[in-house]
Amino acid sequence: MFTAAVARKTEKAFRIYRDLGLRSLVLRLARTLGRALGLSGAGEARWRARKEAVDVAFDAEAGVSTGGITHLYGLSIVGPNATSGVSHIACDPDEFRAALDALEADLTEHSFVDLGSGKGRALILAARYPFATIVGVEFAAELHAVATANVAALPAADRARISLVYEDASRFAFPDGPLVVFLNNPFEEAVCREVARHLRADVSAHPRPVRVVYLRPQHRAAWIDAGWSSVRDGTCFLILEPCPAAALCKATGVS
Ligand SMILES: C[S@@+](CC[C@H](N)C(=O)[O-])C[C@H]1O[C@@H](n2cnc3c(N)ncnc32)[C@H](O)[C@@H]1O
């Protein structure tokens, strides 16, 4: 029995290494060791308990299934960035509302795009705002399937505005028209840099109002370096706009 347990754990460690890379494996081993030594702290336990209560309340109210923590190893991931994705943890509805309300804009002409849409909670919350269209981009097939089922459970008027794309965020072609691009800490810095550059180039080629709402912003420098400026720095979110061309030239040396 002991041997079987060791074999299972070794296989899991191998899959994490293969799918997510050495860094993820080392971080996970450190966390597991910390827990075994009783070092994980009351903070994490409190966070988990609160998150579970929020998940249960949201899912019961919306009639969907968006909760839990889903690690990405073993999932069917499209594109080249499997090792740079962050596990699925749905956004906190209060944090989402705080960030969206800070936009203080007429959103009726805007599309909302969630890069790394997971099980679709941010899309469901976005449907409570008057966005013209709502798009979720997710690279894990299993999470994309859960989001599809969740959207199917929504009222027809919300469903009609939402579309789901199984795609790597760095390869997504942004829609025309004004945009709110939402990220809930979905990926590591290198992908963030690629996405920030791609979106900035898109805005230069097709000028239009675009704002980025970055929840739990771990890699803000990736955006600033790509020609975005912070217009609002909240407790748990950042709102960015493209720098005007002159400022962009100064910051990046691009003319
Ligand atoms: C923290 S979860 C956020 C889920 C959702 N946006 C929300 O707020 O409820 C991050 C999600 O990003 C997805 N993801 C990570 N890297 C991605 C990439 N390169 N392209 C598309 N999705 C990605 C993960 O699979 C995961 O579902």
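Values in this document were obtained by computation on a predicted structure and should not be read as measured data.

Asker: Got a sec to walk through the overall build of the protein chain? Specific residues and values, please.
Answerer: In terms of regular secondary structure, the protein chain is built from 10 helices and nine strands. Taking 18 Å as the expected radius of gyration for a compact globule of 255 residues, we find that the protein chain reaches 19 Å, a close match to that expectation. Projected onto its principal axes, the C-alpha positions of the protein chain cover 65 × 45 × 35 Å. Split into buried and exposed, the 255 residues of the protein chain put 45% on the buried side. Long-range contacts, defined here as pairs at least 24 residues apart, represent 68% of the contacts in the protein chain between residues at least 6 apart. Counting only carbon and sulfur atoms, one obtains 59% of the accessible surface of the protein chain, whose full area is about 12800 Å².

Asker: Now, about the UniProt feature "domain: Methyltransferase" (unreviewed entry) in the protein chain: what can you tell me, with residues and values included?
Answerer: Mapped onto this structure's residue numbering, the UniProt feature "domain: Methyltransferase" (unreviewed entry) falls at residues 113–200. Secondary structure content for residues 113–200 is 39% helix and 23% strand, and the end C-alpha separation is 15 Å.

Asker: Hey, could you go over the domain arrangement of the protein chain for me, with residue numbers and the actual values?
Answerer: Along its sequence, the protein chain is carved into domain 1 (2–66) and domain 2 (84–252). Computed from C-alpha coordinates alone, the two centres of domain 1 and domain 2 are separated by 26 Å. Contacts between the two partners involve 15 residues from domain 1, matched on the other side by 17 residues from domain 2. A combined buried area of about 1200 Å² lies between domain 1 and domain 2, and 48% of that area is made up of carbon and sulfur atoms. Of all residues in domain 1, the largest losses of buried area upon contact with domain 2 belong to Phe58, Val64 and Thr66, amounting jointly to 41% of the total for that side.

Asker: Go over the pairing of strand β7 (residues 210–215), please, and point to the residues and values.
Answerer: Where burial is concerned, most of β7 is hidden: six out of the six residues are buried. What you see with β7 is no split at all: Val210, Val212 and Tyr214 on one side and Arg211, Val213 and Leu215 on the other are buried throughout. By the bridge criterion, six bridges tie strand β6 (residues 179–184) to β7 in an arrangement that is parallel. If you follow leucine 183 over to β7, its bridge partner there is tyrosine 214. Remark: the β6/helix α8 (residues 189–205)/β7 crossover connection has right-handed handedness. As paired elements, β7 and strand β9 (residues 237–242) share four bridges and run antiparallel to each other. Considered in β9, the bridge of tyrosine 214 is made with leucine 238.

Cut-off values and rules
- Residues numbered from 1 in each chain as written.
- Predicted model: local features only at pLDDT ≥ 70, side-chain atom pairs only at ≥ 80, totals over all residues.
- Heavy atoms only, no water.
- Helix = DSSP H or I, 4+ residues; strand = E, 2+ residues; numbered from the N terminus.
- Rg over C-alpha atoms; globule rule 2.2 N^0.38 Å.
- Buried < 20%, exposed > 50% of the residue type's maximum accessible area, 1.4 Å probe, protein only.
- Contact = heavy atoms within 4.5 Å.
- Areas by Shrake-Rupley, 256 points an atom, 1.4 Å probe, with all protein chains shown as cover.
- UniProt positions renumbered as here; feature names shortened; annotations may be inferred.
- Domains from an automatic or database assignment.
- Buried area = accessible area lost by both parts, 1.4 Å probe.
- Pairing = 2+ DSSP bridges.
- Right-handed = clockwise from strand over helix to strand, strands pointing away.

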